[in-house]
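# Chains, contacts and geometry: an overview
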Amino acid sequence: MRNNGGQALIETVAFFLAFSILLTVMCSFTKWMAIREKLLCAAKEGALLYSSGTQTRADVKAVLTRYLTHGSPELDPKGIRLYVGAKAGLIAYGGEFDQIRVGYVRPGGYYSIIRLDPFVEETCVVKHAPRYYAPFQPWGGPAILWNHG
Amino acid sequence: MPRWPTMNKWTMTQRGQLMLPMIALLFLFGMFLVLYVSWARHVYWQMRMDAASDLTALSVAREEARVLNYLDSAQGMENATLLKAGLFGHDVGTMLPVTEALFEGWNTLLVRTMGNPIAEKALVMSIATTVARANGATLIPIPRTNIDFMLKPHAVDVVVLSWPPTVRHFSSAYFTRLWFPKKTNPQPILRSWWTVCHGTICSDGRARVWLDVDPHSILSNGGFPTDELPWYRRVGIEPFYPQFSARRVPRVGRFLGIGQ
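As a starting point, this report considers the structure included with it. (Residues numbered from 1 in each chain as written. Chains lettered and ligands numbered in written order. Predicted model: local features only at pLDDT ≥ 70, side-chain atom pairs only at ≥ 80, totals over all residues. Heavy atoms only, no water.)

## Describing the pairing of strand E3 (residues 119-127) of chain A
All names here are of chain A. Here is the rule: Type-normalised accessible area, obtained with a 1.4 Å probe on protein chains alone, sets the label of each residue: buried when under 20%, exposed when over 50%, and partly exposed for intermediate values. Helical segments are the DSSP runs of H or I of at least four residues, strand segments are the runs of E of at least two, and each set is numbered from the N terminus. We call two strands paired when DSSP finds no fewer than two bridges between them.
When you tally the buried positions in E3, you get seven out of nine residues, the bulk of the element. Across nine bridges, strand E2 (residues 97-105) lies against E3 in antiparallel orientation. Bridge pairing links Arg101 to Thr123 in E3.

## Looking at the sheet that holds strand E8 (residues 244-248) of chain B
All names here are of chain B. Here is the rule: Whether two residues are in contact is decided by their heavy atoms, any of which lying within 4.5 Å being enough. Every axis in this analysis is a line fitted to C-alpha atoms, fitted for helices over the stretch in contact. Angles between the N-to-C directions lie between 0 and 180 degrees.
Spatially, E3-E6-E7-E8 is the arrangement adopted by the four strands of the open sheet, whose pairing is antiparallel. Each of the sheet's edge strands pairs with one partner strand only, and the pair in question is strand E3 (142-143) and E8. Both strand E6 (residues 191-198) and strand E7 (residues 201-211) contribute to a ladder of eight bridges, which runs antiparallel. If you follow Trp193 over to E7, its bridge partner there is Arg206. Strand contacts of helix H1 (residues 19-77): E6, E7 and E8, with the helix running at about 30° to E7, the strand carrying the most contacts.

## Brief notes about the pairing of strand E1 (residues 83-87) of chain B
Side chains Lys84 and Gly86 of chain B of E1 of chain B all project onto a buried face; the interleaved residues Leu83, Ala85 and Leu87 of chain B project onto a face where none is buried. In this structure, the hairpin formed by E1 of chain B and strand E2 (residues 90-95) of chain B is closed by a connection of two residues, where Phe88 of chain B is found at a positive phi of approximately 50°.

## Some details on the sheet that holds E2 of chain A
Residue and element names in this part refer to chain A. Here we have three strands laid out as an open sheet, ordered E1-E2-E3, and antiparallel in their pairing. Of all the strands in the sheet, the pair left with one neighbour each is strand E1 (80-86) and E3. Strand-to-strand, the axes of this sheet are offset by a mean angle of 10°, without reference to chain direction. Where helix H2 (residues 57-68) meets the sheet, its contacts fall on E1 and E2, and the angle it forms with E1 comes to roughly 150°.

## As for the packing of H1 of chain B against helix H2 (residues 97-114) of chain B
Relative placement of two packed helices is described by the angle separating their axes and the distance separating the axes. All names here are of chain B. How we decide: Comment on the angle field: the value is read as roughly parallel under 35 degrees, roughly antiparallel over 145, roughly perpendicular from 65 to 115, and oblique elsewhere. Take the far helix as the reference: if the near one is turned anticlockwise from it by less than a right angle, the crossing is left-handed, and if turned clockwise, right-handed. Classification used: nonpolar for Ala, Val, Leu, Ile, Met, Phe, Trp, Tyr, Cys and Pro, charged for Asp, Glu, Lys and Arg, polar for all others including Gly.
It is at 8 Å that the axes of H1 and H2 come closest, and there the two elements cross at 150°. Considering the angle they form, H1 stands roughly antiparallel to H2. Regarding H1 and H2, the two cross each other, and that crossing is left-handed. Where H1 approaches H2, its residues Val67, Tyr70, Leu71, Ala74, Gln75 and Met77 are matched on the opposing element by Trp106, Leu109, Leu110, Thr113 and Met114. Residues that form the contact of H1 with H2 fall into these classes: nine nonpolar, two polar and no charged.

## Details of the state of the cysteines
Test applied: Here, the term disulfide refers to a pair of cysteine sulfur atoms separated by no more than 2.5 Å.
The tally for this structure, following the rule as stated, stands at one disulfide over all chains. Paired by a disulfide, Cys197 of chain B and Cys202 of chain B hold their sulfur atoms 2.0 Å apart. Judged by the sign of its S-S torsion, about 110°, the bond between Cys197 of chain B and Cys202 of chain B is right-handed. Take Cys202 of chain B: its relative accessible area is 33%, and that puts it in the partly exposed class. There is no disulfide at Cys41 of chain A, and the cysteine sulfur nearest it, in Cys124 of chain A, is 9.5 Å away. Its relative accessible area of 30% is what places Cys41 of chain A among the partly exposed residues.

## A look at the interface of chain A and chain B
The following threshold applies: Once two parts are put together, the accessible area they lose, assessed with a 1.4 Å probe and summed over both, is termed the buried area. Should a side-chain nitrogen of Lys or Arg be within 4 Å of a carboxyl oxygen of Asp or Glu, the pair is scored as a salt bridge. Nitrogen and oxygen atoms within 3.5 Å of one another constitute a polar contact, given that in protein one can donate a hydrogen and the other can accept it, and given that sequence-neighbouring residues count only through two side-chain atoms.
Taken residue by residue, the interface counts 44 residues in chain A and 51 residues in chain B. It is Lys127, Tyr132 and Tyr133 of chain A that lose the most area in chain A upon contact with chain B, and together they represent 15% of the buried surface on that side. Counting across the interface, chain A meets chain B through three salt bridges. The tally of links between chain A and chain B comes to 13 residue pairs in polar contact (both at pLDDT 80 or more). Elements with a minimum of two residues in the side of chain A that touches chain B: helix H1 (4-51) and E3 of chain A. Considering each element in turn, the side of chain A that touches chain B owes the most residues, 23 residues, to H1 of chain A.

## Describing the packing of aromatic side chains
Keep this limit in mind: Any two rings among Phe, Tyr and Trp, with Trp reduced to its six-membered ring, count as a pair given centres within 6.5 Å; such a pair is stacked if its planes are under 30 degrees apart, edge-to-face if over 60, and tilted if neither. Lysine NZ or arginine CZ positioned within 6 Å of the ring centre and within 35 degrees of the ring normal marks a charge as sitting over the ring.
What the rule picks out here adds up to 14 aromatic pairs over all chains. Measuring from centroid to centroid gives 5.7 Å for Tyr93 of chain A and Trp146 of chain A, while their planes differ by 70°, and the two rings are edge-to-face. One end of the pair, Tyr93 of chain A, is in helix H3 (residues 90-95); the other, Trp146 of chain A, is in the segment after E3, and 53 residues separate them in sequence. Taking the relative accessible area as the measure of exposure, Trp146 of chain A reaches 11% and is therefore buried. Here the aromatic residues Phe15, Phe16, Phe19, Phe29 and Trp32 of chain A together with Phe29, Phe32, Tyr36 and Trp39 of chain B are joined through ring pairs into a cluster of three or more. Directly above the ring of Trp193 of chain B sits Arg144 of chain B, whose terminal nitrogen or CZ lies 4.8 Å from the centroid. Residue placement shows Lys183 of chain B over the ring face of Phe180 of chain B; its charged tip is 4.7 Å from the ring centre.

## A short note on H2 of chain A
Residue and element names in this part refer to chain A. Heads up, the condition is: What a helix is expected to span follows from its residue count: subtract one and scale by 1.5 Å. Note: the arc covers the axis-to-C-beta directions of the helix.
The end-to-end C-alpha separation of H2 is 16 Å, in line with the 16 Å expected for 12 residues at 1.5 Å each. When we look at burial in H2, the residues that qualify are Val60, Leu64 and Leu68. Buried residues along H2 cover an arc of 65° about the axis, so they all sit on one side. The outward face of H2, more than 90 degrees from its buried face, is lined by the exposed residues Ala58 and Arg66.

## Some remarks on the environment of Asn69 of chain B
In this fold, Asn69 of chain B is placed in helix H1. Asn69 of chain B sits in the buried class, given a relative accessible area of 0%. Considered as a pair, Asn69 of chain B and Met114 of chain B are 45 residues apart in the sequence and their alpha carbons are 13 Å apart. Apart from the residues within four sequence positions on either side, Asn69 of chain B is in contact with Pro130, Arg131, Tyr132, Tyr133 and Ala134 of chain A together with Pro242, Gln243 and Phe244 of chain B. Polar contacts involving the side chain of Asn69 of chain B include one to the main-chain amide nitrogen of Phe244 of chain B, which spans 2.7 Å.

Structure representation (structure tokens):
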């Protein structure tokens, strides 16, 4: 027992259901991309700051945390994971490479419902600022040498 | 049952179906979503390559600065073993026999570093490749500038004060800079320009070697001595401030000529 109007109503509901799912996917993807881009900016700026040899690890972490928890998108400080320091490995040791990893665990939301990995991370690697004078001399800059501070 | 006011023969079939036009709408929106995701991925990778190219160029400039600091320090240490002066455009010097071996050690460092440009280029290339790959590049970075330290070797005839005295000729006893030889305290003109790619998405990064010395310093000689020094500054090898570092050339500044 149905008429044309009833079928149209069912199809309209189905349409708006599908449309709202697509719209949710688009909004979620946009937010995810915005978070990734913010993490990438933080990783790059952190790499430039720390590798300059003028800022300690603690200072760089404080600056990055402040940047990530302010502005848009504003990240939850509980979900932020930061690593500022030397890159591991023999080649990195020879080249004195720094590595900055900025990660974020998105708390709750549909991520946990559909079991998506809520962890996003961006990494930047750069060579540390060179020592002034020759390496075997005790004087000269920069203030923070590689794998120090 | 009241009819939907906007329904007509174009949006509803004889049996009341709205499915076809709605599927068409969903398909269009799905296509838009696919394009949007593709565009967003492109923007993201472009941002990553911008970062990767900047960090690659900066890393290479820092490696060049490290070598310059090393060379400048090594030739500064030669002063402890060699008394040099410039006489009528010719460099002569004297040293004690006990310091001869020490001088040879410092000089070997200089000559081996500057005398093997292929090894230095290979080292720079490996640094650039490591940094670019670690930052997301999939292809080998391409250098857009030649790696050249712009230093000129100078020969010194040295009288070794042994008995009997001997004269030795060192063809690359020290190096002078080729950038702005008439200026006392110029910044180096060494540039690092690299193209880094992730697939077809590429970006250019630029950096420059920078001498981290107060521009008003009386002692600063631009890191290395020049050929144009007066006679009193040709006594010894000027070792002042081997404090080379590197700076990134800002992307916006390139269009305005800032920081070039």
